[in-house]
Amino acid sequence: MLRALASTGLNRCRPKTAQRRDACTSRGTKASPKFDLEPYLFSRVWDTDCAGARRTRDVGAFIMHMADALLSPVIGGAMWLGSGAAIAAASRHLRRRADDAMVPLMGMLGAFVFAAQMINFSIPATGSSGHLGGALLLAILLGPHSAFLVIASVLTVQALFFADGGLLALGANMFNLGVLPCFVAYPLVYHPLAGPAPTPRRSAVAAVCAAVVGLQLGALGVVLQTVASGISSLPLQGFLVVMLPIHAAIGVVEGLATAALLLFLHRTRPELLTAAPEIAAPQRRPLLRRLALATLFTGGVLSWFSSTQPDGLEWSVARAAGTQALPAPRAGVHAALDEVQHRIAVLPGYSFPDALPAAFPAAFPAATPAPAPGFEAGPPKAPQSRLPPKPPAWPDVNRGTSLSGVLGGLVTVALVAAIGLGLRWRRRLN
Amino acid sequence: MSRLATTLQDLRALDALAARSTPLARRDARAKLLVTLCFVVTVLSFDRYRVAALLPLALFPTVLAAQAELPARTLWRTLWLACPFALMVGIANPLLDRAPMLVLAGVELSAGWVSFASIALRIALSVSAAVVLIGSTGMPALCAALAALGLPRVFTVQLLFLHRYLFVLVGEAQRLSTALDLRALSGRRVGLALHVSLLGQLLLRAFERARRVHQAMLARGFDAELRLADPQRWQQGDSLFMAGWCAYFVVVRYVDLPQAIGSFVTGLVQ
Amino acid sequence: MNPPAIVLQALVHTYADGTPALRGVDLCAMPGEALAIVGANGAGKSTLLQHLNGLLMPSSGSVQIEGMALTRATLREVRRRVGYVFQDAEDQLFMPTVHDDVAFGPLNLGLAAAEGQARVQAALSAVGASALAARATHRLSGGEKRAVAIAGVLAMAPSILVLDEPSGGLDPAGRRRLIELLRGLTQTRVVATHDLALVLEVCPRVLVLHEGRVLADGATAELFADEDLLRRCALEPPLGGWARIAAAQQPR
């Protein structure tokens, strides 16, 4: 593999020879049956031209997609609820419009967006490249409802076929990359700026602004969801400081790509640009109402978690407000949400399941947390506490429990592998 | 190989895998989908410092991959490329969370490393579950299952169209891109102008093709009624499948099996 | 006496941007006839075909299908009787599996499940694609796609079949199977094609289009022997073209 790495680097500057051109056409068309790591590894993040030379690094490949591993089930579930509601609302809206040409067009443009996201263009003066995201373009061409459904299905295909994110994070991704650009950035930024019949220049400016806003909101969504889930140790403020500027840059790039495509369409097929239904003034009211609901919902979820995850949010609140502690969440919405959480603490995010071993120590001898913490859970804690377990301070680490934990882990892996191999052998024999 | 060519290859490979008739392919798609979701929720419900307790959950993708006759190579390949974002965020944990947590063979590991290992394990588990799901369930069956489980038909039919023409459009994009490469001088970068003309062509072709598909639908009497194939019939085996795996997930969630096994083994040794 | 299958009277069609596509076409085809429409690219073959099932409406002139005038109200009935096979089979096979795609037509006609199933099986066996029923449509070869597209149209039991470049992209074996299939059908067949050799084998009557007008309408063998006509329409004789005729005329 190292040799492959080296040769790819060297290939970058060499001019194309006829031999390499043949390699290009044969590589691109035939499906090679053997497992070939090198082109796969590089082409996923770096764009390679057909001679195998590495071109530019696609920054967008790294960012924006929320992943299962960083989510807690509650946040993931909440995001799925939001996205699911959006899918239902958008579908209902489309059924009412009864445009039978829309469904094949949506599918086709979804395939287009999928393909377009894999074609990069280089950004001058940097070593990186960008690609079209597609949500804003689709919203302009098809209207926000259809555009959201298309983006949701593109994300579904990516999550299923390319493990981009995961099944639980799909809801969060649909929200960050679909709901926010289509139902917030498009109607509240693009449409007012562009007006009913925009000139190419005006629509280009509006597109850049809307893309930046859309991506900033999306990045904010990713950060809030990650911090609220508590799996990552990144603090809210630090995370924001890293994500927001990068996504502002990506937003400009996306806006420019969208604007350039709009200009192209204006030159060649302007009738396609006027086909989308406009959001006339009377229609704006239900949209604003829905937006308010979404804000309340997100705010409610966040405040719920601020009472259970004080670290990141409290820190940023403390910094912002200059106070040392949050006001006691005993009154009003917070108290009510606390009650709700108490009652539906079925999804074991934090400490509820550890109450079981505490209540029935005989049944769970290995999981008793007292007295010395080992490889697994943190220090013993009261069942009502909703803080994630803090690691014990030095020198409370117990060598004995660590060893048995590691041994147990290794034996488990061996058992699982043996079962898997055994099943495959049996199939092969049959 | 360009990204488009690789993507096309992967799509075709996964699609071909899903089309085979294997024991897992014959399971109802609804059962597979629901069990996979339960699996993902179980994996994510552990708190951040749990690593070994997650390991028994690896049995689920292993057994299902064997039942789906999924080549191990496909799993490894997808794992290798999964979620660069999650790993990048995860790598911050060892840097930020330095409190020591355990000692392993004389090496002191901080809590950050433990939570990073947990993140990596979560990625591996959720990604393999997704691959096994799609490698054993074709898109038509999956969409029928989604519609049966309550997703609106507009969404699922449109998803089917997307999948149907995905290969066509990615193939077209790849041919356009290769043609551009062959006429571009080596080292010359694709700037915005070239990119727009390429994408613009692709977009216009997409519109044209959608218009022709719509005409073909009208020519065969399409009346705006979106119909989906019926999902397979639910069998007793599907209920057993669901009940069995969900019970296993509950057991793994509440009983720390590796710790138990480890204590048992060290007890034997001593 | 049965009414004629297709009657076109002074059919004119002008595109939205003003380009005239058809400048007055007259045609009368009887039931069961196999008719070919040939002409250079841009002569108006596809435009003419799309009037036969109402995908395009005439700018002026009239279209009658089995005695019924083509209007917006009769569109559904016309499409029930006229089966259209598109030039690009990819556009026609939009359902995920072969079986679903062939069943699309019968389902839209409102047939019961059992009868629809019977129609699907009959159509697939008529084109020799019964083995492909469970295959995904995006994994078919070009010839298989064309066969399934024709099956999808046959499953609707149309009385008139319209085919746009059916032999395009087919390998010789596929082309032979297509020719045999077309010769075996009894419906009225209208085939627009560049494949003049296919026309010789399948269609006893041919209509020559040039710049939106019908230049000739008659027996295939006669018209293909008329060299002046062929030259005027930018066509050439089938099975070897002008070179064959020149070689035949060489003194030995």
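Source: prediction; values computed, not measured.

Trainee: Describe the overall build of chain B, with residues and values.
Mentor: Secondary structure assignment for chain B yields 12 helices and two strands. When the helices and strands of chain B are listed from N to C terminus, the series reads α-α-α-α-α-α-β-β-α-α-α-α-α-α. A compact globule built from 270 residues should have a C-alpha radius of gyration of about 18 Å, whereas chain B, at 24 Å, is more than 25% larger. Projected onto its principal axes, the C-alpha positions of chain B cover 75 × 55 × 30 Å. Burial analysis of chain B (270 residues in total) assigns 56% to the buried set.

Trainee: Which residues make up the packing of helix 9 (residues 153-183) of chain B against helix 10 (residues 192-219) of chain B, and what are the values?
Mentor: Residues and elements named next belong to chain B. Relative to each other, helix 9 and helix 10 sit at 150°, their axes nearing to 11 Å. Every pair of crossing elements has a handedness; the one defined by helix 9 and helix 10 is right-handed. Across the interface between the two elements, Leu 169, Glu 172, Ala 173, Leu 176, Ser 177 and Leu 180 from helix 9 touch Leu 194, Leu 198, Gln 201, Leu 202, Arg 205 and Ala 206 from helix 10. Residue composition of the contact of helix 9 with helix 10, by class: eight nonpolar, two polar and two charged.

Trainee: Account for the sheet that holds strand 5 (residues 68-69) of chain C, naming residues and giving values.
Mentor: Residue and element names in this part refer to chain C. Across the sheet, which stays open at both edges, the four strands sit in the order 2-1-4-5 with antiparallel pairing between neighbours. Here the strands that pair on one side only, and so sit at the sheet edges, are strand 2 (20-29) and strand 5. Sheet topology places strand 4 (residues 60-65) next to strand 5; two bridges connect them, and they run antiparallel. Following the sheet pairing, Ile 65 is matched in strand 5 by Met 68.

Trainee: Residues and numbers for the interface of chain C and chain B, please.
Mentor: At the junction of the two partners, chain C supplies 25 residues and chain B supplies 22 residues. Elements supplying a minimum of two residues to the side of chain C that touches chain B: helix 2 (75-81), helix 3 (89-92) and helix 4 (98-108) of chain C. Looking at the side of chain C that touches chain B, the element that brings in the most residues is helix 4 of chain C, giving five residues. Grouping the amino acids of the side of chain C that touches chain B by side-chain chemistry returns 10 nonpolar, eight polar and seven charged.

Trainee: Outline unusual backbone geometry, supporting the account with residue identities and numerical values.
Mentor: Of all residues except glycine, most have a negative phi; of all peptide bonds, most are trans. Residue and element names in this part refer to chain C. In this model, Ala 10 sits at a positive phi of 50°, which is unusual for a non-glycine residue. Ala 10 gets classed as partly exposed once you count the C-beta atoms within 10 Å, which come to 13. In this structure, Ala 234 takes a positive phi of about 60° despite not being glycine. By the element assignment, Ala 234 lies in the loop between helix 10 (227-232) and helix 11 (241-249).

Trainee: Give a description of the sheet that holds strand 8 (residues 188-192) of chain C that names residues and reports values.
Mentor: Residue and element names in this part refer to chain C. Pairing is mixed in the open sheet, where six strands are placed in the order 6-7-8-3-9-10. A single partner strand is all that each edge strand has here, and the edge strands are strand 6 (82-85) and strand 10 (213-219). Here the strands of the sheet are splayed against their neighbours by 15° on average, with no regard to which way each runs. Across four bridges, the pairing between strand 6 and strand 7 (residues 160-164) is parallel. From the neighbouring strand, Val 82 faces strand 7, where its bridge partner is Ile 160. Packing against the sheet, helix 6 (residues 142-154) makes contact with strand 6 and strand 7, and its axis sits at approximately 165° to strand 6.

Trainee: Report on the confidence of the model for chain B, specifying residues and quantitative values.
Mentor: Summarising the model, chain B shows a mean pLDDT of 86, and 97% of its residues fall at 70 or more. Across chain B, helix 11 (residues 236-254) of chain B holds the top mean pLDDT of 93, while helix 5 (residues 84-90) of chain B sits lowest at 74.

Trainee: How would you sum up the confidence of the model for chain C? Please name residues and give values.
Mentor: Averaged over every residue, the pLDDT of chain C is 91; the share at 70 or more is 99%. At the level of chain-chain contacts, confidence expressed as ipTM amounts to 0.92, with global pTM at 0.81.

Trainee: Quick rundown of the nonpolar core? Include the residues and the values.
Mentor: If you look at the biggest cluster of nonpolar residues, it comprises 258 residues, and the most contacted ones within it are A:Phe112, A:Ala115, A:Leu136, A:Leu138, A:Ile151 and C:Ala151. In contact with C:Ala151, other than residues within four places in its own chain, are C:Val102, C:Ala123, C:Leu124, C:Ala126, C:Val127 and C:Ala129.

Trainee: Which residues make up helix 3 (residues 59-67) of chain B, and what are the values?
Mentor: The element helix 3 of chain B is largely enclosed, with a buried count of seven among its nine residues. Count one or two residues on from helix 3 of chain B and you reach B:Glu69, which has phi positive near 55°.

Trainee: An account of the packing of helix 4 (residues 73-97) of chain A against helix 7 (residues 144-162) of chain A is requested, with residue identities and associated values reported.
Mentor: Residues and elements named next belong to chain A. The N-to-C vectors of helix 4 and helix 7 enclose an angle of 130°; their axes lie 9 Å apart at closest approach. Comparing the axis directions of helix 4 and helix 7 gives the class oblique. Note that helix 4 runs across helix 7; the crossing there is left-handed. Between helix 4 and helix 7, the residues in contact are Ala 86, Ile 87, Ala 90, Ser 91, His 93 and Leu 94 and His 145, Ser 146, Phe 148, Leu 149 and Ala 152, respectively. Across the contact of helix 4 with helix 7, the residue classes break down as seven nonpolar, four polar and no charged.

Trainee: Break down the pairing of strand 1 (residues 6-14) of chain C for me, with residues and values.
Mentor: Residues and elements named next belong to chain C. Note that strand 1 and strand 4 share five bridges and pair antiparallel. Among the inter-strand pairings, Leu 8 is bridged to a residue of strand 4, identified as Val 63. Note that strand 1 and strand 2 share seven bridges and pair antiparallel. Bridge assignment links Thr 14 to a residue of strand 2, and that residue is Pro 20. Linking strand 1 to strand 2, which pair antiparallel, is a turn of five residues; within it Gly 18 sits at a positive phi near 100°.

Trainee: Can you lay out the environment of A:Leu155 for me, pointing to particular residues and giving the numbers?
Mentor: All names here are of chain A. Within the fold, Leu 155 resides in helix 7. The class for Leu 155 is buried, based on 24 C-beta atoms found within 10 Å. A C-alpha to C-alpha distance of 38 Å links Leu 155 and Gly 408, two positions 253 residues apart in sequence.

Trainee: So, helix 9 (residues 200-229) of chain A: which residues are in play, and what are the values?
Mentor: Along an α-helix, a turn takes 3.6 residues, which lines up residues three or four apart on a common side. Residues and elements named next belong to chain A. Compared with the 44 Å implied by 1.5 Å per residue over 30 residues, the 43 Å span of helix 9 between its first and last C-alpha is a close match. By the criterion of burial, helix 9 is predominantly enclosed, with 22 of the 30 residues buried. Backbone geometry just downstream of helix 9 places Gly 230 in the positive-phi region, at approximately 80°.

Trainee: I'd love a proper account of the environment of B:Ala68, names of residues and values included.
Mentor: All names here are of chain B. Residue position: Ala 68 is located in the loop between helix 3 and helix 4 (72-81). Through-space distance from the C-alpha of Ala 68 to that of Leu 4 is 27 Å; in sequence the pair is 64 residues apart. Those residues in contact with Ala 68 that lie beyond four places of it in its chain are Thr 22, Leu 24, Ala 25, Val 132, Gly 135 and Ser 136.

Trainee: Before we move on, could you go through the environment of C:Ala234 and cite the residues and values that matter?
Mentor: You can call C:Ala234 exposed: it has 12 C-beta atoms within 10 Å. Residues C:Ala234 and C:Pro31, 203 residues apart in the sequence, show an inter-C-alpha distance of 30 Å.

Reading the values: the criteria
- Residues numbered from 1 in each chain as written.
- Chains lettered and ligands numbered in written order.
- Predicted model: local features only at pLDDT ≥ 70, side-chain atom pairs only at ≥ 80, totals over all residues.
- Helix = DSSP H or I, 4+ residues; strand = E, 2+ residues; numbered from the N terminus.
- Rg over C-alpha atoms; globule rule 2.2 N^0.38 Å.
- Buried ≥ 20, exposed ≤ 12 C-beta atoms within 10 Å, placed from the backbone.
- Axes fitted to C-alpha atoms, helices over the stretch in contact; angles between N-to-C directions.
- Left-handed = near helix turned anticlockwise from the far one by under 90°.
- Contact = placed C-beta atoms within 7 Å.
- Nonpolar A, V, L, I, M, F, W, Y, C, P; charged D, E, K, R; others polar.
- Pairing = 2+ DSSP bridges.
- pLDDT = per-residue confidence, 0-100.
- Core = buried A, V, L, I, M, F, W, Y, C linked by C-beta atoms within 7 Å.
- Parallel < 35°, antiparallel > 145°, perpendicular 65-115°, else oblique.
- Expected span 1.5 Å × (residues − 1).

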